[in-house]
Amino acid sequence: MVTEQAQVMQNARRYQTLATELQDIDKTLNDDNQQLVSIVEQLQPLRAQYKQQKVQLTDVQLIVEQQKTIMSLSEHRANLKTDQACPLCGSQQHPAIGDYQALSANSGAENEQQSRLKQLTLALEQLEQQGKTLSSAQDRLKEKLNFVGENQAVKQQEQQYLAQQWLAQRDT
């Protein structure tokens, strides 16, 4: 009878310890879930901004490539004369000669689109780094939540076992 009473007391103490631990786990899970929601809320606009910057970057890359193509035809452009046929296409009108000459004048210096391309590339790299940092934090937090959740389930099972054991001993 004494050992049975000692076992009951030991089970009661363990049950109380588990109850305290489960309260701590609930608090941890609640805090971590709030933190996870916060990370997701930060990631969503960051991803949208990344997509928008990526589209802008692609557009500017296309413009820069077109400018390079235009610049590569500088010899032909230099030979264009007003009201004379173009040797490449046969057109007698050359309405963009002024624009092409402006491109030629700016070719030695970094032009506006190339500068914009560099800025967009840098901004995109920064957004990507921020996204990777947040995604990594999100992954770590999910792993922690899984571990804590599994720990919670084990403790709840043990607590249920102790309760069943106590009821069985009480009935005898």
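Residues numbered from 1 in each chain as written. Predicted model: local features only at pLDDT ≥ 70, side-chain atom pairs only at ≥ 80, totals over all residues. Heavy atoms only, no water.

We now examine the overall build of the chain. Looking only at helices and strands, the chain features 4 helices and 0 strands. Across the 172 residues of the chain, 23% fall into the buried class. At a minimum sequence separation of 6, the contacts of the chain that also span at least 24 residues come to 82%. Accessible surface, the chain as shown: approximately 12,500 Å² in total, 51% of it carbon and sulfur. (Helix = DSSP H or I, 4+ residues; strand = E, 2+ residues; numbered from the N terminus. Buried < 20%, exposed > 50% of the residue type's maximum accessible area, 1.4 Å probe, protein only. Contact = heavy atoms within 4.5 Å. Areas by Shrake-Rupley, 256 points an atom, 1.4 Å probe, with all protein chains shown as cover.)

Below, the discussion takes up the confidence of the model for the chain. Looking at the chain as a whole, the pLDDT averages 87, with 88% of positions reaching at least 70. The secondary structure element of the chain with the lowest average pLDDT is helix 3 (residues 97-106), at 62, and the one with the highest is helix 4 (residues 112-171), at 94. (pLDDT = per-residue confidence, 0-100.)

Per the stated rule, a full pass over the model turns up 6 salt bridges. Salt-bridge contacts for E158 lead to R14; the nearest nitrogen and oxygen are separated by 2.8 Å. Taken as a pair, E158 in helix 4 and R14 in helix 1 (residues 2-72) lie far apart in primary sequence, 144 residues in all. Taking relative accessible area as the criterion, R14 reaches 29% and is therefore assigned partly exposed. Of the charged contacts in the structure, one is a salt bridge between D31 and K27, with a shortest N-O distance of 2.9 Å. A residue pair is termed a helical-turn pair when its members lie 3 or 4 positions apart in one helix, as D31 and K27 do in helix 1 at 4 residues. (Salt bridge = Lys/Arg side-chain N within 4 Å of Asp/Glu carboxyl O.)

Time to look at the side chain of Q152. Mapped onto the elements, Q152 comes out in helix 4. Sequence-distant contacts of Q152, defined by excluding residues within four places in its chain, comprise L22, I25, D26 and L29.

A word on the environment of Q93. Structurally, Q93 is set in the loop between helix 2 (74-78) and helix 3. On the accessibility criterion, Q93 (63% relative accessible area) is exposed. C-alpha separation for the pair Q93 and T82, spaced 11 residues apart in sequence, amounts to 6.8 Å.

Here the focus is the side chain of Q113. With respect to the helices, strands and loops of the structure, Q113 is situated in helix 4. Using a relative accessible area of 15% as the deciding quantity, one classes Q113 as buried. Excluding its chain neighbours within four sequence positions, the residues that come into contact with Q113 are V60, I63, V64 and Q67.

It is worth spelling out the environment of D32 at this point. The topology assignment puts D32 in helix 1. You can call D32 buried: its relative accessible area is 5%. Sequence-distant contacts of D32, that is, excluding residues within four places in its chain, are made with L141, K144 and L145.

This brings us to the nonpolar core. Membership of the largest hydrophobic core comes to 13 residues, with the highest contact counts inside it found for I25, L29, I39 and L134. Only helix 1 and helix 4 provide two or more residues apiece to this core. Top contributing element to this core by residue count: helix 1, with 7 residues. Dropping the residues within four chain positions of it, L29 is found in contact with L145, V148, G149 and Q152. In terms of nonpolar packing, the next biggest core, distinct from the first, is built from 6 residues, L57, V64, L117 and L120 among them. (Core = buried A, V, L, I, M, F, W, Y, C linked by side-chain atoms within 4.5 Å.)

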